[in-house]
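One-letter residues, chain by chain:
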Amino acid sequence: MSDSNKKILLVLLGIALLVLSIVFVVRPKKESIDSLNAEIATLQARYDDLCAKELQKDQLIAETAEFNKHFDEEITKYAKDLDQENTVMFLKDVEEQIDFANLAITMPEVTNYYLLGQGAVEANEVLEAEDLEDSYVVTADTYSISFSGTYEGVKEYLDYILNYKYRMACESINIAYAEDAEAPIAECTGTVVVNAYAVESNDRKHDVPSVDVEEGKENIFAVEGTALPASAGSSSHDSGNGDDIVANHNVVMFLNDAANDAASGIIIASDESKEDTYVTSSENKVETVDISITSEEGKNYITYKLGSKSYKSEVTSADVTVYVKSSSRTGDDDKNGVDVKLTNDTDLSVYFKVVGDDSSNPRFKLSQKSGNVKEY
């Protein structure tokens with residue numbers, strides 16, 4: 001090999017070594033240096049931020065505590081879960097507190113709605129265990145409730161939803177008045193679509209419904225708050241809209257202005273001619289009246305109680321009838337009325353006939369009932 005060829009090879013070898021050193025040594029080092037410089041810049045920014053926060057440590061701790069307080073207060077407005085048991089208890093409360101003759105509800109499936117701090121999720125999206133750990137998951141229910149009752153009952157129901165202990169909202173409401181204006185109970189019917197929300201997390205224990213319902217009911221098809229089912233036969237009181245109860249009844253209630261000079265504002269009796277059966281009140285306010293129907297040693301009894309006063313009498317009829325003789329309000333200062341809570345532990349049906357009550361501000365309200373009950 002000539003000297004010139006040897007020189008060419010040496011030059012090429014030097015170039016190759018230079019390229020290889022750049023590719024395998026210089027470039028990785030440069031990339032490493034750039035990466036370290038970028039990390040240093042990030043850490044420096046983080047350090048500067050922490051130093052600035054250190055100067056505001058006490059203020060930030062106080063603001064964090066205040067934020068957590070507001071968060072805890074706000075989250076208590078939402079249910080801890082939307083289990084069907086709690087939905088059933090919500091409907092049970094509606095039946096006991098609101099003047100509705102019939103209620104029907106569609107029970108939906110709970111859907112995931114939102115992950116606090118992360119954003120919305122698809123309704124059918126399956127959340128992994130790591131997604132739920134230390135996270136707050138907002139769930140939602142949308143269910144439809146059909147009702148039949150008075151217009152006042154509808155307003156009470158909407159107010160009940162608005163002021164319910166947990167977050168709920170009406171999505172839509174449809175109301176139709178009954179064609180028969182003389183219908184004994186249903187002045188209007190309709191459907192309310194309600195949205196319910198809950199916030200679930202590992203640190204929120206699920207609500208356990210408190211169920212206090214007597215077991216062993218003889219007729220499981222007898223629905224609370226309604227008359228007997230059609231299979232059990234219609235009532236003889238229906239044909240006259242309960243007018244026969246005025247002349248023949250087990251208990252009578254007289255509701256008048258507490259300031260009247262004739263008698264007490266509230267008088268309840270099993271026999272108008274016998275004052276020893278009277279339970280009365282002259283207070284100008286809504287009084288709670290507890291009525292219980294019980295069975296003892298093969299006999300049925302009705303007990304009515306107002307404050308510390310009560311009276312008990314035997315029921316010998318085939319049903320229990322209560323005649324309520326009410327009156328219109330005399331003015332804004334007339335507050336007199338009764339809130340009746342009925343407990344029926346027998347198979348007897350109970351019928352209320354209300355006459356003369358104030359149409360805009362009734363004195364009589366049946367807020368709680370059990371067994372077979374109907375109001376005319």
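Coordinates for the structure precede this section.
We now turn to the structure provided with this report. This is a predicted model, so every value here is computed, not measured. (Residues numbered from 1 in each chain as written. Predicted model: local features only at pLDDT ≥ 70, side-chain atom pairs only at ≥ 80, totals over all residues. Heavy atoms only, no water.)

## Concerning unusual backbone geometry
(1) Moving on: You will see that Asn241, though not glycine, has its phi angle at about 55°, which is positive.
(2) Moving on: Within the secondary structure, Asn241 is located in the loop between strand S6 (188-200) and helix H6 (244-247).
(3) Moving on: In this model, Glu297 sits at a positive phi of 50°, which is unusual for a non-glycine residue.
(4) Moving on: Within the secondary structure, Glu297 is located in the loop between strand S10 (286-296) and strand S11 (299-306).
(5) Moving on: Given a relative accessible area of 85%, Glu297 falls into the exposed group. (Helix = DSSP H or I, 4+ residues; strand = E, 2+ residues; numbered from the N terminus. Buried < 20%, exposed > 50% of the residue type's maximum accessible area, 1.4 Å probe, protein only.)

## Let's talk about the pattern of salt bridges
(1) Moving on: Scanning the entire structure with this criterion turns up 9 salt bridges.
(2) Moving on: Between Asp49 and Arg46 there is a salt bridge; the shortest N-O distance is 3.8 Å. In this pair, Asp49 and Arg46 both sit in helix H1 (residues 3-55), 3 residues apart, roughly one turn of the helix.
(3) Moving on: Asp49 gets classed as partly exposed once you look at its relative accessible area, which sits at 31%.
(4) Moving on: The shortest N-O distance in the salt bridge between Arg329 and Asp334 comes to 3.9 Å. (Salt bridge = Lys/Arg side-chain N within 4 Å of Asp/Glu carboxyl O.)

## Details of the sheet that holds strand S14 (residues 337-344)
(1) Moving on: Spatially, 5 strands are ordered S12-S11-S10-S14-S16 in an open sheet, and the strand pairing comes out mixed. Looking at strand neighbours, the two that pair on one side only are strand S12 (309-315) and strand S16 (364-368), the edges of this open sheet. Taking the axes of each pair of neighbouring strands and ignoring which way they run, one obtains an average angle of 25° across the sheet.
(2) Moving on: Of the pairings in the sheet, the one linking S10 to S11 comprises 8 bridges and is antiparallel in character. Across the sheet, residue Ile291 finds its bridge partner in S11, namely Tyr304. (Pairing = 2+ DSSP bridges. Axes fitted to C-alpha atoms, helices over the stretch in contact; angles between N-to-C directions.)

## Some remarks on the sheet that holds strand S9 (residues 279-281)
Where strands meet in a sheet, backbone hydrogen bonds hold them as pairs that are either parallel or antiparallel.
(1) Moving on: Pairing within the open sheet is mixed, and its 6 strands lie in the order S9-S8-S7-S13-S15-S17. Only two strands of the sheet have a single partner each, and these edge strands are S9 and strand S17 (373-375). Averaged over neighbouring strand pairs, the angle between their axes works out to 10° when direction is ignored.
(2) Moving on: Pairing analysis gives 6 bridges linking strand S13 (residues 320-325) to strand S15 (residues 350-355), with the strands arranged parallel. Bridge pairing in S15 places Val324 opposite Val354.

## Quick word on the nonpolar core
(1) Moving on: Core analysis: the largest hydrophobic core is formed by 26 residues, its most contacted members being Met253, Ile268, Phe352 and Phe364.
(2) Moving on: Every element with two or more residues in this core is listed here: strand S7 (251-255), strand S8 (266-269), S10, S11, S13, S14, S15 and S16.
(3) Moving on: If you look at the next biggest cluster of nonpolar residues, it comprises 19 residues, including Ile145, Val154, Ile161 and Cys188. (Core = buried A, V, L, I, M, F, W, Y, C linked by side-chain atoms within 4.5 Å.)

## Topic: the packing of aromatic side chains
(1) Moving on: Here the structure, examined in full by the defined rule, presents 7 aromatic pairs.
(2) Moving on: Judged by centre distance (6.4 Å) and plane angle (25°), the ring pair of Phe67 and Phe71 falls under stacked. Here Phe67 pairs with Phe71, and both are found in helix H2 (residues 57-75), just 4 residues apart, close to one helical turn.
(3) Moving on: For Phe67, a relative accessible area of 54% translates into the label exposed.
(4) Moving on: Each member of the aromatic cluster is reached from another via a ring pair, and the members are Phe67, Phe71 and Tyr136.
(5) Moving on: In this arrangement the basic side chain of Lys312 is found over the ring face of Tyr301, its NZ or CZ atom lying 4.9 Å from the centre. (Phe/Tyr/Trp six-rings, centres within 6.5 Å; stacked < 30°, edge-to-face > 60°. Lys NZ or Arg CZ within 6 Å of the ring centre and 35° of its normal.)

## Considerations on the side chain of Lys374
(1) Moving on: Mapping Lys374 onto the fold places it in strand S17.
(2) Moving on: Note on Lys374: relative accessible area 14%, which makes it buried.
(3) Moving on: Here Asp238 takes part through its side chain, which lies 3.0 Å from a polar atom of the side chain of Lys374. (Polar contact = N/O pair within 3.5 Å; in protein donor to acceptor, adjacent residues only side chain to side chain.)

## Some details on the side chain of His249
(1) Moving on: Mapped onto the elements of the fold, His249 is located in the loop between H6 and S7.
(2) Moving on: At a separation of 3.1 Å, a polar atom in the side chain of His249 contacts the side chain of Glu272.
(3) Moving on: Once you skip the residues sitting within four places of it in the chain, His249 turns out to touch Glu272, Thr321 and Tyr323. (Contact = heavy atoms within 4.5 Å.)

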